[in-house]
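Understanding the architecture of this molecule
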Amino acid sequence: MLRTMTDAPFSMFQNEIYFRGIAGERPALPMTFDDLQAAAEKVMSEEAYGYVAGSAGSEGTAAANRAAFDRWRILPRMLRGVATRTMRTSVLGTAMPAPVMLGPVGVQGIVHPDAELAVARAASALGLPFCLSTVSSYSLEEVAEAAGDGPRWFQLYWPKDVSVRQSLLKRAEAAGYGAIVVTLDTIMLAWRPRDLRTGYLPFLQRQGLANYFTDPAFQSGLAKPVEDDPMAAVGHWIGMFGNPEATWEDLVDLRADTSLPMLVKGILDPEDARRAIDCGVDGIVVSNHGGRQVDGSIAALDALPRVVEAVGGAVPVLLDSGVRGGSDIAKAVCLGAAAVLIARPWVYGLGIAGEEGVRHVLRCVLAELDLTMALSGRISVEELNREMLVPAP
Ligand code: FNR
């Protein structure tokens, strides 16, 4: 399927910038990940910046995620007639203008007051699907309203309390979320030195709990309304957030709680991918949570090819962790990812300039992906395959 009139000419973003440059105008927002991160550090509180930028332990997993991308090099092909291209694709019934989604990022209120509302608006304006976190600063209904017709998925942190989990899933269905992403790698929080240094866990300060505090099943477990005794409400949340007891058998029950497509996030071992499919899930997200959970873990991109092979096309496999720009996305798709979730880059954009900052980062990523495809001689997502990559010497 080639580009139609409705396709956004993503690479035109660079022309726009250069033409403005003729009049002496320079982009107000950063153009690289490192510059985004540096600008975000200047405007965010030490605690919030540490929470976003930090990873587990030595932060070696986050570094490994980047190193894994560098070990694959693109082998561009010439003279293939690439003037007309499309990046369009579709995953589990969700159409997207490129194999790109915004990954689940909790507690965005610590980054910017408009938080998930700004992100939903920015993503929806470009037609990109976003995945809302369970621990969001606005309720899933408020975010759905901000998104309008924009495609959206809901990420579930699997609460111990069955009535709360079922209520969250029903609410997500009613609010037009198109799939459920169950995060499996956060049955408890990891050892995160940056947050330990500042003694900072935003949830204990009542941040990121909007979905729980507005939930009838959650509220029915409280002796007093949330506003009358907020710390008791936080305590109730602490009691149900983590679910270290969960096993694969429990996933079968969870799967039965919703008619929406269900993906599991945090898979790195091919055997776990197979088990998840046996439990009835419809998709896999290969992820190490951006290095935020297990220090010294395998890089997500290194895990991807083996998971893709084990899955054998039975369900779509997505990837996140370490994706910074268009060529990273191209590499992940070449290695078998149906789509790629990005997170920290647009979180920094949110911190710097709210909705406009998120939109800017997304436009940069999409332009770079489009140009990477064109300059590599590819005109569609289907043409992003292993032939396009070579291992770095
Ligand atoms: C996350 N991530 C995350 N994942 C999830 O399933 N639910 C969540 O609520 C959150 N919250 C969250 C907050 C912050 C501040 C960050 C940085 C990340 C993990 C996220 O979805 C994704 O797996 C990683 O961020 C990918 O790594 P990079 O590419 O952002 O480094």
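Structure first, text after, so check above.
Residues numbered from 1 in each chain as written. Predicted model: local features only at pLDDT ≥ 70, side-chain atom pairs only at ≥ 80, totals over all residues. Heavy atoms only, no water.

**Re the side chain of Ser 55**
The line we're drawing: Runs of H or I in DSSP of at least four residues are treated as helices and runs of E of at least two as strands, each being numbered from the N terminus. Three labels apply to residues, based on accessible area from a 1.4 Å probe with only protein chains included: buried if under 20% of the type maximum, exposed if over 50%, partly exposed otherwise in between. Counted as a polar contact is a pair of N or O atoms within 3.5 Å, where, for protein atoms, one must be capable of donating a hydrogen and the other of accepting one, and residues adjacent in sequence contribute only when both atoms are in side chains. Any two residues whose heavy atoms approach within 4.5 Å at even a single point are treated as in contact.
Of note, Ser 55 is situated in the loop between α3 (46-53) and α4 (60-70). On the basis of relative accessible area, Ser 55 is assigned to the buried category, the value being 2%. Only 3.2 Å separates the side chain of Ser 55 from the backbone oxygen of Gly 290, close enough to count as a polar contact. Side chain to side chain, Ser 55 and Arg 344 meet in a polar contact 3.2 Å long. Residues contacting Ser 55, with those up to four places away along its chain left out, are Ala 62, Trp 191, Arg 192, Pro 193, Gly 290, Gly 291, Arg 292 and Arg 344.

**Some details on unusual backbone geometry**
Phi is positive for Glu 59, close to 65°, though the residue is something other than glycine. The residue Glu 59 is located in the loop between α3 and α4 in this model. We note that Ser 321 has phi near 100°; this positive angle belongs to a residue other than glycine. By secondary structure assignment, the location of Ser 321 is in the loop between β10 (317-319) and α15 (326-334). Assessed through its relative accessible area of 5%, Ser 321 is described here as buried.

**A closer look at the pattern of salt bridges**
Rule in force here: Criterion for a salt bridge: a side-chain nitrogen of Lys or Arg within 4 Å of a carboxyl oxygen of Asp or Glu.
Summed over all chains, the structure comprises 17 salt bridges. As a salt-bridge pair, Glu 249 and Arg 275 come within 3.9 Å of each other at their nearest N and O atoms. On the criterion of sequence distance, the pair formed by Glu 249 in helix α12 (residues 248-255) and Arg 275 in helix α13 (residues 270-278) is long-range, its members being 26 residues apart. Residue classification places Arg 275 among the partly exposed positions, given a relative accessible area of 35%. Note that Asp 320 is salt-bridged to Lys 265, the shortest N-O span being 4.0 Å. Of this pair, Asp 320 sits in the loop between β10 and α15 while Lys 265 sits in strand β8 (residues 262-267), and the two are 55 residues apart along the sequence. An identical accessibility class is assigned to Asp 320 and Lys 265; each is buried. Each of Glu 16, Arg 20, Glu 25 and Arg 363 takes part in one network of salt bridges that share partners.

**Section: the site of the ligand**
The test is simple: We call a residue near a molecule or strand as soon as one heavy atom of that residue lies within 4 Å of the molecule or strand. Per-residue and other accessible areas were derived by the Shrake-Rupley procedure at a 1.4 Å probe size, with only the shown protein chains allowed to occlude residues. Under the scheme applied here, ten amino acids are nonpolar (Ala, Val, Leu, Ile, Met, Phe, Trp, Tyr, Cys and Pro), four are charged (Asp, Glu, Lys and Arg), and all others, including Gly, are polar.
In the neighbourhood of the ligand, 22 residues make up the surrounding shell, with Pro 104, Ser 133, Thr 183, Arg 324 and Arg 344 lying closest. Within the contact set of the ligand, an oxygen atom lies 3.5 Å away from a side-chain nitrogen or oxygen of Ser 287. In the environment of the ligand, an oxygen atom lies 2.9 Å from a nitrogen or oxygen atom belonging to the backbone of Gly 322. If the ligand stood free it would expose 600 Å²; the protein chains cover 98% of that surface. Here the shell around the ligand is built from residues that sort into 8 nonpolar, 9 polar and 5 charged.

**Here's the deal with the environment of Gly 93**
Secondary-structure assignment places Gly 93 in the loop between β2 (89-91) and β3 (94-96). Each C-alpha atom, one on Gly 93 and one on Ala 338, is 12 Å from the other, the two residues being 245 residues apart in sequence.

**Some words on α12**
The cut-off we apply is this: Taken from the helix axis, the directions to the C-beta atoms give the arc we talk about.
All of the buried residues in α12 are Trp 248, Leu 251, Leu 254 and Arg 255. When α12 is viewed along its axis, its buried side chains cluster within an angular range of 95° and face the same direction. For α12, the secondary structure elements touched by its buried residues are β6 (152-156), α7 (162-174), β7 (180-183), β8 and α13.

**A closer look at the pairing of strand β11 (residues 339-342)**
Under the convention used in this document: Should DSSP find at least two bridges between two strands, the strands are taken to pair. Note on handedness: a crossover is taken as right-handed if, strands pointing away from the viewer, the path from the first strand over the helix to the second is clockwise.
Going residue by residue along β11, you find Ala 339 and Leu 341 tucked away on one face and Val 340 and Ile 342 tucked away on the opposite face as well. One ladder, built from 3 bridges, connects strand β4 (residues 100-102) with β11; its direction is parallel. Within the sheet, the bridge partner assigned to Leu 102 lies in β11 and is Ile 342. Of the strand pairs in this sheet, β10 and β11 are connected by 2 bridges, and their pairing is parallel. The partner of Leu 319 across the bridge, within β11, is Val 340. Considered for its hand, the β-α-β crossover made up of β10, α15 and β11 is right-handed.

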